[in-house]
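Close look at the chain arrangement
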Amino acid sequence: MPLNPSLETVLKKAKEQEKKYGWLYAAWSYEQALHFMSETSSFTADTWQRIGFCYERASRQAEDLEEFNRFRQLAVEAYMTAAKLFEKEESLDNQGKSAYCCTSAEYIRSWLASSPSEKAKMLDECLTFGNKALAAFKKNGDDLSYGKTCSDLLLCLFERLLLGSNDNEENIVQQGVYYWNEAIPALSKIDDKSELIRAYSLASLLSWYVANIIVEREEERKEMADLSMNYSDKAVALSREVENPYDIALSQWPAALCALLFVGNTESSLAHAREMLEQGNIAKDNYLRGVASFTLAFVNDWMVPKEGNPDKKKTRCEETFRYAQDAERYLTLVAQDFFIAETYLY
């Protein structure tokens with residue numbers, strides 16, 4: 001069925017804004033498009049889901065914390081509206097989409113949590129809804145949605161581990177191994193480099209964390225370190241075939257960490273972190289900018305004790321302080337308390 005000409009114009013405008021990373025304007029355009037749609041159609045539900053996606057990205061471009069909170073809440077509301085609309089249609093596909101939208105809503109909401117314990121509960125809810133979505137997508141044979149949801153849950157688990165003081169670390173690690181072993185084969189079947197980059201990158205991040213923070217036996221640490229480097233290499237290789245700054249930036253994050261802590265190549269680590277920062281600037285994304293700046297501060301600080309030249313050591317210390325300040329500024333705008341606390345070490 002052909003689209004209403006006015007609707008087609010508005011949707012085209014939204015897509016154009018997305019290509020320019022104008023996420024707030026894209027969200028507004030999609031909201032305008034709703035006026036031309038039936039209130040209960042699956043197309044309307046898809047549009048609400050896209051509005052949620054756009055507001056989430058817009059929240060990471062916010063100019064202050066109040067704006068961040070507002071856009072984040074709008075994203076949650078849009079995803080929940082989409083979930084309710086999908087739920088009205090009893091097909092297996094829509095069951096999966098409804099649960100997936102709830103997964104996204106809980107994850108987005110977790111960035112607004114007032115305490116680590118509250119955030120942990122929201123991330124646990126995210127996992128619960130995500131597993132419901134996985135069951136529906138798997139039964140429906142939807143490899144793209146299945147793999148994408150597995151990647152989302154990898155991110156959820158990674159942030160769950162960052163909260164610390166976790167008595168359930170072993171179970172989280174087991175879930176992570178399961179999700180990346182499910183995501184990567186599913187996404188390898190289809191021609192979606194963006195999602196495969198994301199799966200490899202998040203698998204590398206999680207296995208990097210496990211190798212450095214959790215496991216104690218050297219044999220297990222080496223196994224996880226090798227996995228992390230392998231996944232990172234694949235993510236970076238694929239990122240050279242795309243132009244999406246979000247994908248490229250994400251691939252550079254574990255690459256920087258692996259180069260520093262597993263290989264000991266500080267110059268390579270700095271190069272990956274700088275590339276992440278450059279891509280974050282292209283997308284105007286405060287989260288990517290903040291994590292990249294934090295990583296640059298971390299690597300520079302690591303290099304200070306090994307620098308014998310007093311002048312170069314002074315310069316390295318100044319760069320560490322500058323990147324730490326940048327990290328705090330960007331990460332404050334997206335309420336990333338874990339990384340903000342870590343920047344105070346520098």
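This text follows the structure it describes.
Please read these numbers as outputs of a predicted model, since none were measured by experiment.

Before going further, it helps to examine helix α12 (residues 266-283). Compared with an ideal rise of 1.5 Å per residue, which puts 18 residues at 26 Å, α12 spans 26 Å between its outermost C-alpha atoms and is within 8% of the ideal. Among all positions in α12, only Thr266, Ser269, Leu270, His272, Ala273, Met276, Leu277, Gln279, Gly280 and Ala283 are buried. Looking at the buried positions of α12, the neighbouring elements they touch are α10 (218-239), α11 (245-263), α13 (286-303) and α14 (310-332). For α12, the N-terminal capping position is held by asparagine 265, with its side-chain oxygen 3.4 Å away from the main-chain nitrogen of glutamate 267. The positive-phi residue at the C-terminal boundary of α12 is lysine 284, with phi of around 55°.

Another aspect to go through is the side chain of glutamate 159. Tracing the sequence through the fold places glutamate 159 in helix α7 (residues 143-162). The contacts of glutamate 159, once residues within four sequence positions are left out, are Tyr107, Trp111, Lys119, Leu123 and Tyr287.

Here the focus is the pattern of salt bridges. Under the criterion given, the structure shown has 19 salt bridges. The partner of aspartate 93 in a salt bridge is lysine 97, and the shortest N-O contact between them spans 3.5 Å. With aspartate 93 and lysine 97 both in helix α5 (residues 92-110) and four residues apart, the pair spans about one turn of that helix. Residue class for aspartate 93 comes out partly exposed when judged on its relative accessible area of 24%. For lysine 97, a relative accessible area of 23% gives the class partly exposed. Of the charged contacts, one joins glutamate 219 and arginine 217 as a salt bridge, the two residues approaching to 3.5 Å between their closest N and O atoms. By relative accessible area, glutamate 219 is classed as exposed at 60%. What you see here is one network of salt bridges that share partners, running through Glu56, Arg60, Arg72 and Asp285.

Direction vectors running N to C along α11 and α12 enclose 160°, while the axes themselves pass 8 Å from each other. By the angle between their axes, α11 is roughly antiparallel relative to α12. Crossing of α11 against α12: the hand is left-handed. In contact with Pro245, Tyr246, Ile248, Ala249, Gln252, Trp253, Ala255, Ala256, Ala259 and Leu260 of α11, α12 contributes Thr266, Ser268, Ser269, His272, Ala273, Glu275, Met276, Gln279, Ile282 and Ala283. The residue makeup of the contact of α11 with α12, split by class, is 13 nonpolar, six polar and one charged.

Let's shift gears to the packing of α5 against helix α6 (residues 116-140). The interhelical angle for the contact between α5 and α6, taken along N-to-C directions, is 160°, at an axis separation of 8 Å. By the criterion of interaxial angle, the relationship of α5 to α6 is roughly antiparallel. Relative to α6, α5 is oriented so that their crossing is left-handed. When the residues that make up the contact of α5 with α6 are grouped by side-chain class, the tally is 12 nonpolar, six polar and eight charged.

Given 3.6 residues to a turn, an α-helix orients residues that are three or four positions apart in the same direction. Compared with an ideal rise of 1.5 Å per residue, which puts 23 residues at 33 Å, helix α4 (residues 65-87) spans 33 Å between its outermost C-alpha atoms and is within 8% of the ideal. Buried within α4 are the following residues: Glu67, Phe68, Phe71, Arg72, Ala75, Val76, Ala78, Tyr79, Ala82, Ala83, Leu85 and Phe86. Where α4 is buried, its residues touch α2 (23-33), α3 (42-59) and α5. Residue aspartate 64 occupies the N-cap position of α4, its side-chain oxygen lying 3.2 Å from the main-chain nitrogen of glutamate 66.

Our next topic: unusual backbone geometry. Unlike most non-glycine residues, tyrosine 21 shows phi in positive territory, near 60°. Positionally, tyrosine 21 belongs in the loop between α1 (5-19) and α2. Of note, the phi angle at alanine 335 is positive, near 55°, even though the residue is not glycine. If you trace the backbone, alanine 335 turns up in the loop between α14 and α15 (337-343).

We describe a pair of aromatic rings using the distance from one ring centre to the other and the angle between the two ring planes. Counting across every chain of the model gives 18 aromatic pairs. Plain terms: the ring middles of tryptophan 23 and phenylalanine 53 are 5.6 Å apart, the flat faces sit at 80° to each other, and that makes the pair edge-to-face. Here phenylalanine 53 lies in helix α3 and tryptophan 23 lies in helix α2, a separation of 30 residues in the sequence. A relative accessible area of 4% places tryptophan 23 in the buried class. With a relative accessible area of 21%, phenylalanine 53 lands in the partly exposed category. Here tryptophan 180 and tyrosine 231 contribute two aromatic rings whose centre-to-centre distance is 5.9 Å and whose plane-to-plane angle is 65°, an arrangement assigned as edge-to-face. Residue tryptophan 180 is found in helix α8 (residues 169-188), and its partner tyrosine 231 is found in helix α10; the two are separated by 51 residues along the sequence. Residue classification places tryptophan 180 among the buried residues on the basis of a relative accessible area of 2%.

A few words on the side chain of serine 228. Looking at the element boundaries, serine 228 is found in helix α10. Classification of serine 228 by relative accessible area gives buried; the value is 0%. With sequence-adjacent residues up to four places away left out, serine 228 is seen in contact with Ser204, Ser207, Trp208, Cys258 and Phe262.

Cut-offs applied
- Residues numbered from 1 in each chain as written.
- Predicted model: local features only at pLDDT ≥ 70, side-chain atom pairs only at ≥ 80, totals over all residues.
- Heavy atoms only, no water.
- Helix = DSSP H or I, 4+ residues; strand = E, 2+ residues; numbered from the N terminus.
- Expected span 1.5 Å × (residues − 1).
- Buried < 20%, exposed > 50% of the residue type's maximum accessible area, 1.4 Å probe, protein only.
- Contact = heavy atoms within 4.5 Å.
- Polar contact = N/O pair within 3.5 Å; in protein donor to acceptor, adjacent residues only side chain to side chain.
- Salt bridge = Lys/Arg side-chain N within 4 Å of Asp/Glu carboxyl O.
- Axes fitted to C-alpha atoms, helices over the stretch in contact; angles between N-to-C directions.
- Parallel < 35°, antiparallel > 145°, perpendicular 65-115°, else oblique.
- Left-handed = near helix turned anticlockwise from the far one by under 90°.
- Nonpolar A, V, L, I, M, F, W, Y, C, P; charged D, E, K, R; others polar.
- Phe/Tyr/Trp six-rings, centres within 6.5 Å; stacked < 30°, edge-to-face > 60°.

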